[in-house]
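Spelled out, the chains give:
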Amino acid sequence: MVYQIIWFALWGLLWAVYFMLDGFDFGAGILHPFLGKSDEEKRMIINTLGPVWDGNEVWLITAGGATFAAFPTTYAYMFSYLYTPLLIILFALIFRGVAFEFRGKGKSEQWKKLWDVAIFAGSLIPTILFGVAFGNIFQGLPIDANGYHGSLAYLLNPYGILTGLFFLLLFLEHGALWLAIKTTGELPIRAKSVAKKVWPLLVAVAVIFLIFSAFKTHLYDNYLKNLVWFIVPIIAVIALLAIFFFTEKSPVKAFFASCITILAVVFTGIIGLYPNLIPSSIDPKYSLTAFNSSSSPYTLKIMTIVVIIFVPIVLLYQIWTYKIFKDPVTPEEINDPEVETY
Amino acid sequence: MDVVTLSRIQFAMTAMFHFIFVPLTLGLSILVAIMETLYVKTGNELYLRMTKFWGKLFLINFALGVVTGITMEFQFGMNWAEYSKYVGDIFGAPLAIEATLAFFLESTFLGIWIFGWKKISKKAHAFAIWMVAIGSNISALWILVANAWMQHPVGYVLRNGRAEMTNFFALFSSYAITKFFHQILAGYTVGAFFVMGVSAYHLLRKSNLEFFKKSFKIAATFALIVAFAEIVVGDWHAYEVAKTQPTKLAAMESHWETQKGAPMYLLVFPNEAKEKNAIELLPIPKLLSFLAIHDFNGEVKGLKDFPKDERPPVLITFLSFRLMVGLGMLFALLALIGFYLSKKDKLVDTTLFLKIMLYMIPIPYIANFLGWTVAEVGRQPWIVYGVLKTADAVSKSISTSQVWMSLFGFVAFYSLLGVIDIYLLTKYAKKGPEESAISAKKAEAVTA
């Protein structure tokens with residue numbers, strides 16, 4: 001019982017950290033063809049992500065692996081029910097991953113253009129589709145004893161699309177702030193201006209999302225049962241407002257505010273879902289919950305021990321990476337033949 | 001074709017494609033780490049140039065290894081949902097642990113290694129590549145522990161309609177341990193032959209002689225140790241297979257009748273339909289018994305002792321196994337010759353050997369594929385040996401058209417990536433160290 005609750009929380013945490021980290025490289029990836037006016041500027045943007053994107057993406061692999069190990073039934077149904085959208089996300093991520101490595105390995109304009117498109121599309125598609133997927137999970141999927149009754153088109157319902165749009169704006173804001181602190185020259189000025197333009201849209205969509213959630217989902221049930229949980233969405237709102245106040249004066253603080261926004265937004269959803277991982281929109285008795293889809297207590301215990309020992313170590317060396325590469329990327333650096341860059 | 005067949009084709013295809021990159025990552029990461037360590041220890045710029053040249057080839061390869069690995073994790077749920085549900089309690093754990101212990105280590109330190117040349121000390125930089133190499137090996141350990149469990153399920157009970165873990169440490173069976181060493185040594189062989197092959201190409205053209213002689217020598221020394229160790233470990237692993245998967249062993253040897261003191265025939269060709277061998281010549285008495293159970297008079301079970309629907313496809317298993325063993329012997333022989341010529345500094349004069357080594361580059365990959373074919377085809381019709389059949393493991397909610405579409409997508413997409421990758425690897429391998437090494441000019445001055 002206790003282990004299932006712990007793993008439900010960890011499941012949420014893995015997704016939250018994943019979106020907080022890959023969120024800014026998705027955002028920067030989407031923005032790079034527009035913000036980078038020259039090849040040099042595009043390369044600067046890509047090189048802000050160079051040392052970290054791969055480590056960020058491992059949080060997704062770990063979230064997937066943890067779902068498999070801790071909630072195998074959820075893993076099995078989620079991945080087979082959402083076969084086609086997951087395949088599209090997968091192809092997009094593969095295309096994006098190789099694009100970072102391959103872009104700088106050829107000299108022609110055509111070559112670079114191809115991989116620029118790959119980085120753009122490979123960042124945009126997963127961003128929106130992850131939003132759509134979570135929107136649909138919040139609403140519940142049409143599952144009964146015979147399995148799933150939706151199609152790919154079914155997932156693109158208004159609430160799903162709204163969540164997709166919400167994710168897109170969150171990550172654009174997040175990516176723009178990342179670039180505001182990690183680049184030099186004209187780029188941070190342009191990035192800040194994008195952040196300022198995206199922010200009111202983000203707030204507007206966030207409000208619409210909160211209102212629609214009341215009608216389309218049961219996310220608020222847990223909050224009304226125990227008002228103390230409202231602290232999490234309130235943190236999200238405060239952090240979102242803080243972004244606005246810090247963007248000009250201290251983009252670093254704005255970026256941290258945006259990190260907290262994403263964490264709090266994801267947890268707002270996760271708390272609302274509890275104990276469901278995938279609710280059924282047909283009948284709650286077919287919902288996949290932390291209790292009916294979990295591994296045995298023994299497996300969960302082993303996994304908990306592994307996590308307690310190793311996740312702090314992972315965090316330590318990942319933080320070390322961000323420290324090593326804390327300085328903004330400069331044109332001198334990416335044009336220096338003695339420094340390896342993308 | 002039905003969903004099971006299509007899903008099997010898709011899994012085999014995506015796994016094999018993923019496995020073009022994995023063994024080279026295992027082998028080359030260690031070699032690059034050795035080169036950089038030599039640089040830190042000696043301060044010799046030649047080793048720095050070697051680190052950068054082979055490092056670049058490593059990176060091109062690594063990128064595809066990572067992205068195709070994500071496919072593997074997704075696929076268990078996408079195509080094999082019934083399997084995932086049935087064994088997730090015990091099979092999911094090593095996968096999740098792999099991500100936590102290995103993938104973070106590999107990817108984070110790789111980022112530090114690529115971009116950190118001027119940002120951290122030399123020692124810290126060499127430490128980073130060792131972390132990448134160790135991460136790759138830890139990753140191999142957990143994935144092979146997971147796979148070994150499918151071959152030889154242990155430490156579980158069937159309860160609540162699924163396999164539940166009862167003893168985590170049982171996962172490290174001697175089957176799993178031998179499988180792990182068998183595979184990493186196979187990966188090291190790929191890396192060593194890759195470095196020797198590319199070096200041979202340049203030695204044949206007499207370009208950067210000192211650079212490539214040294215690279216060849218490091219790789220040949222590594223290959224010598226690895227290839228001979230592989231023969232020992234391979235035998236040990238086959239012994240574990242004989243103990244735990246008698247049908248697979250019988251198929252590997254095309255052995256039909258249960259027999260004590262079974263001979264091994266040098267020339268065999270199976271005839272599956274007639275349940276015997278079409279050709280069976282040159283017996284060596286009692287050898288099969290000895291190899292399989294380390295006892296000249298031991299009993300080796302024949303295929304006929306098992307129901308027809310529980311036997312793996314004999315011909316594929318048999319041929320893959322024989323060919324793999326033959327190649328393993330060949331690698332040991334070539335490694336020995338290479339090490340000798342390298343030691344006597346006669347490499348450049350032995351053009352025939354260099355040509356052979358150049359064309360050997362793809363062969364260890366093939367040996368790896370053959371090994372996995374033995375392991376996976378030889379396990380059929382079971383997905384978990386003796387517990388769950390492959391046909392019962394497939395997702396119920398997916399349609400043939402969905403799998404056709406994804407299979408088509410994978411073939412098209414992976415072909416494109418494969419072509420680009422081979423193009424880039426060839427381009428940078430041919431270029432030689434000057435163009436790709438960063439401090440080439442400086443190093444040239446030192447070593448000239």
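- Going by what an unreviewed UniProt entry lists, chain B is known as Cytochrome bd oxidase subunit I and is assigned to Deferribacter desulfuricans.
- The record in UniProt for chain B states the following under Subcellular location (unreviewed entry): "Cell inner membrane".
- Its UniProt record gives chain B a comment under Sequence similarities (unreviewed entry), which states: "Belongs to the cytochrome ubiquinol oxidase subunit 1 family."

- If you check an unreviewed UniProt entry, chain A appears there as Cytochrome bd oxidase subunit II from Deferribacter desulfuricans.
- Here is the UniProt Sequence similarities (unreviewed entry) comment for chain A, exactly as written: "Belongs to the cytochrome ubiquinol oxidase subunit 2 family."
- The UniProt entry for chain A carries this comment under Subcellular location (unreviewed entry): "Cell membrane".

### Side note on the overall build of chain B
Part 1: A tally of regular secondary structure across chain B gives 14 helices and 8 strands.
Part 2: The C-alpha radius of gyration of chain B comes to 23 Å, within 12% of the 22 Å expected for a compact globule of 448 residues.
Part 3: Judged by the C-alpha coordinates and their principal axes, chain B covers about 70 × 50 × 40 Å.
Part 4: Within chain B, buried positions represent 61% of all 448 residues.
Part 5: Taking all contacts inside chain B whose residues are at least 6 apart in sequence as the whole, residues at least 24 apart take part in 80%.
Part 6: For chain B, the computed accessible surface area is about 17,000 Å², with 67% contributed by carbon and sulfur atoms.
Part 7: When the 41 basic and 31 acidic side-chain charges of chain B are each reduced to a single mean position, those positions are 8 Å apart.

### Some details on the overall build of chain A
Part 1: When you go through chain A residue by residue, the secondary structure sums to 14 helices and 4 strands.
Part 2: Since a compact globule built from 342 residues should have a radius of gyration of about 20 Å, the 20 Å found for chain A is in line with a globular shape.
Part 3: Each of the three principal axes of chain A carries a C-alpha extent, and together these read 60 × 40 × 35 Å.
Part 4: Taking all 342 residues of chain A together, 63% fall into the buried category.
Part 5: Taking the intrachain contacts of chain A between residues at least 6 apart in sequence as the baseline, contacts between residues at least 24 apart amount to 78%.
Part 6: Accessible surface, chain A as shown: approximately 13,200 Å² in total, 73% of it carbon and sulfur.

### What to know about the pattern of salt bridges
When their charged atoms lie close together, side chains carrying opposite charge are able to pair.
Part 1: All chains considered together, the criterion is met by 23 salt bridges over all chains.
Part 2: In this structure, Asp25 of chain A and Arg96 of chain A form a salt bridge, with 2.8 Å as the shortest nitrogen-oxygen distance. Placement of the pair is Asp25 of chain A in helix 1 (residues 2-35) and Arg96 of chain A in helix 5 (residues 83-103), with a sequence separation of 71 residues.
Part 3: We note a salt bridge from Lys85 of chain B to Glu82 of chain B, for which the minimum N-O separation is 3.6 Å. A residue pair is termed a helical-turn pair when its members lie 3 or 4 positions apart in one helix, as Lys85 of chain B and Glu82 of chain B do in helix 3 (residues 81-115) at 3 residues.

### Digging into a positive patch on the surface
All names here are of chain B.
Part 1: Residues Lys214, Lys217, Lys343, Lys344 and Lys346 make up a contiguous surface patch of positive charge.
Part 2: Considering the arrangement of structural elements, one finds Lys217 in helix 6 (residues 209-244).
Part 3: Judged by its relative accessible area of 37%, Lys217 falls in the partly exposed class.

### Brief notes about the pairing of strand 1 (residues 156-159) of chain B
Residues and elements named next belong to chain B.
Part 1: Sheet analysis places strand 1 next to strand 2 (residues 162-165), joined by 4 bridges and oriented antiparallel. Among the inter-strand pairings, Leu158 is bridged to a residue of strand 2, identified as Ala163.
Part 2: Hairpin geometry of strand 1 and strand 2 is characterised by an intervening segment of 2 residues between the two adjacent antiparallel strands and by a positive phi of about 50° at Asn160.

### Side note on a nonpolar patch on the surface
Residues and elements named next belong to chain B.
Part 1: On the surface, a cluster of nonpolar side chains totalling about 750 Å² of accessible area is made up of Leu266, Leu267, Phe269, Ile279, Leu281, Leu282, Ile284, Leu315 and Leu319.
Part 2: With 4 residues, strand 5 (residues 276-284) is the largest single contributor of residues to the nonpolar patch.
Part 3: If you trace the backbone, Leu315 turns up in helix 9 (residues 314-343).
Part 4: A relative accessible area of 31% places Leu315 in the partly exposed class.

### Section: the nonpolar core
Part 1: By size, the foremost hydrophobic cluster in this structure holds 272 residues, and its most contacted members are Trp15 and Phe19 of chain A together with Trp54, Tyr83 and Phe194 of chain B.
Part 2: If we skip the residues at most four places from it in the chain, Trp15 of chain A touches Leu60, Ala63, Met78, Phe130, Phe134 and Val266 of chain A.

### Brief notes about the UniProt feature "transmembrane region" (unreviewed entry) in chain A
Residues and elements named next belong to chain A.
Part 1: Here the UniProt-annotated "transmembrane region" (unreviewed entry) positions come out as residues 6-35, 81-102, 114-138, 158-177, 198-215, 227-247, 254-278 and 298-317.
Part 2: Span residues 254-278 is 80% helix and 12% strand, its end C-alpha atoms 33 Å apart.
Part 3: Overall, residues 298-317 shows 100% helix and 0% strand. The separation of its end C-alpha atoms is 29 Å.

### Structural notes on the interface of chain B and chain A
Part 1: Taken together, the contact pairs 72 residues of chain B with 65 residues of chain A.
Part 2: Taken over both partners, the interface formed by chain B and chain A buries close to 6,400 Å², and the fraction arising from carbon and sulfur atoms is 74%.
Part 3: On the chain B side of the contact with chain A, Phe74, Phe104 and Phe115 of chain B bury the most area, a combined 12% of that side's loss.
Part 4: Our count for the chain B to chain A interface comes out at 2 salt bridges.
Part 5: Between Glu333 of chain A and Lys119 of chain B there is a salt bridge, with the nearest N and O atoms lying 3.5 Å from each other.
Part 6: Taken together, the elements giving at least two residues each to the side of chain B that touches chain A come down to helix 2 (45-79), helix 3, strand 2 and helix 12 (400-431) of chain B.
Part 7: Among the elements that line the side of chain B that touches chain A, the one with the most residues is helix 3 of chain B, at 24 residues.

### Focus on the packing of helix 3 (residues 53-70) of chain A against helix 2 of chain B
Part 1: With their axes 10 Å apart at the nearest point, helix 3 of chain A and helix 2 of chain B run at an angle of 20° to one another. Put simply, helix 3 of chain A runs roughly parallel to helix 2 of chain B. The hand of the helix 3 of chain A/helix 2 of chain B crossing is left-handed. Contacts between helix 3 of chain A and helix 2 of chain B involve Asp54, Glu57, Ile61, Gly64, Gly65 and Phe68 of chain A on the former and, on the latter, Phe62, Val66, Ile70, Glu73 and Phe76 of chain B.
Part 2: Split into classes, the residues belonging to the contact of helix 3 of chain A with helix 2 of chain B amount to 6 nonpolar, 2 polar and 3 charged.

### What about the packing of aromatic side chains?
Part 1: Evaluation of the coordinates by the stated rule reveals 76 aromatic pairs over all chains.
Part 2: Note on Tyr18 of chain A and Phe19 of chain A: the rings are 5.3 Å apart at their centroids and 50° apart in plane angle, and the pair reads as tilted.
Part 3: On the accessibility criterion, Phe19 of chain A (1% relative accessible area) is buried.
Part 4: Look at Phe167 of chain A and Phe171 of chain A: their rings are 5.7 Å apart centre to centre, the planes differ by 55°, and that puts the pair in the tilted class. Here Phe167 of chain A pairs with Phe171 of chain A, and both are found in helix 8 (residues 158-182), just 4 residues apart, close to one helical turn. Across the pair, Phe171 of chain A and Phe167 of chain A agree in class, each one buried.
Part 5: The rings of Phe91, Phe95, Phe102, Trp111 and Trp115 of chain A together with Phe17, Phe21, Phe410, Phe413, Tyr414 and Tyr423 of chain B are connected pair by pair, giving a single aromatic cluster.
Part 6: Here Lys52 of chain B stacks its cationic end above the ring of Trp117 of chain B, 3.9 Å away from the centre of that ring.
Part 7: Over the ring of Trp382 of chain B we find Lys389 of chain B; its NZ or CZ atom is 5.1 Å from the centre of that ring.

### Quick look at unusual backbone geometry
Part 1: In this model, Tyr274 of chain A is joined to Pro275 of chain A through a cis peptide bond whose omega is 0°.
Part 2: Counting through the fold element by element, Pro275 of chain A comes out in the loop between helix 12 (251-273) and strand 3 (276-278).
Part 3: Phi is positive for Ser254 of chain B, close to 50°, though the residue is something other than glycine.
Part 4: Checked against the element boundaries, Ser254 of chain B lands in the loop between helix 7 (246-253) and strand 3 (259-260).
Part 5: A relative accessible area of 2% places Ser254 of chain B in the buried class.
Part 6: The phi angle at Glu275 of chain B is positive, at roughly 55°, despite the residue not being glycine.
Part 7: Note that Glu275 of chain B resides in the loop between strand 4 (264-271) and strand 5.
Part 8: We classify Glu275 of chain B as buried; its relative accessible area is 18%.

Calculation criteria
- Residues numbered from 1 in each chain as written.
- Chains lettered and ligands numbered in written order.
- Predicted model: local features only at pLDDT ≥ 70, side-chain atom pairs only at ≥ 80, totals over all residues.
- Heavy atoms only, no water.
- UniProt positions renumbered as here; feature names shortened; annotations may be inferred.
- Helix = DSSP H or I, 4+ residues; strand = E, 2+ residues; numbered from the N terminus.
- Rg over C-alpha atoms; globule rule 2.2 N^0.38 Å.
- Buried < 20%, exposed > 50% of the residue type's maximum accessible area, 1.4 Å probe, protein only.
- Contact = heavy atoms within 4.5 Å.
- Areas by Shrake-Rupley, 256 points an atom, 1.4 Å probe, with all protein chains shown as cover.
- Lys, Arg positive; Asp, Glu negative; His and termini not counted.
- Charge placed at Lys NZ, Arg CZ, Asp CG, Glu CD.
- Salt bridge = Lys/Arg side-chain N within 4 Å of Asp/Glu carboxyl O.
- Patch = residues over 30% accessible without salt bridge, like charges linked within 9 Å, V, L, I, M, F, W, Y side chains within 5 Å.
- Pairing = 2+ DSSP bridges.
- Core = buried A, V, L, I, M, F, W, Y, C linked by side-chain atoms within 4.5 Å.
- Buried area = accessible area lost by both parts, 1.4 Å probe.
- Axes fitted to C-alpha atoms, helices over the stretch in contact; angles between N-to-C directions.
- Parallel < 35°, antiparallel > 145°, perpendicular 65-115°, else oblique.
- Left-handed = near helix turned anticlockwise from the far one by under 90°.
- Nonpolar A, V, L, I, M, F, W, Y, C, P; charged D, E, K, R; others polar.
- Phe/Tyr/Trp six-rings, centres within 6.5 Å; stacked < 30°, edge-to-face > 60°.
- Lys NZ or Arg CZ within 6 Å of the ring centre and 35° of its normal.

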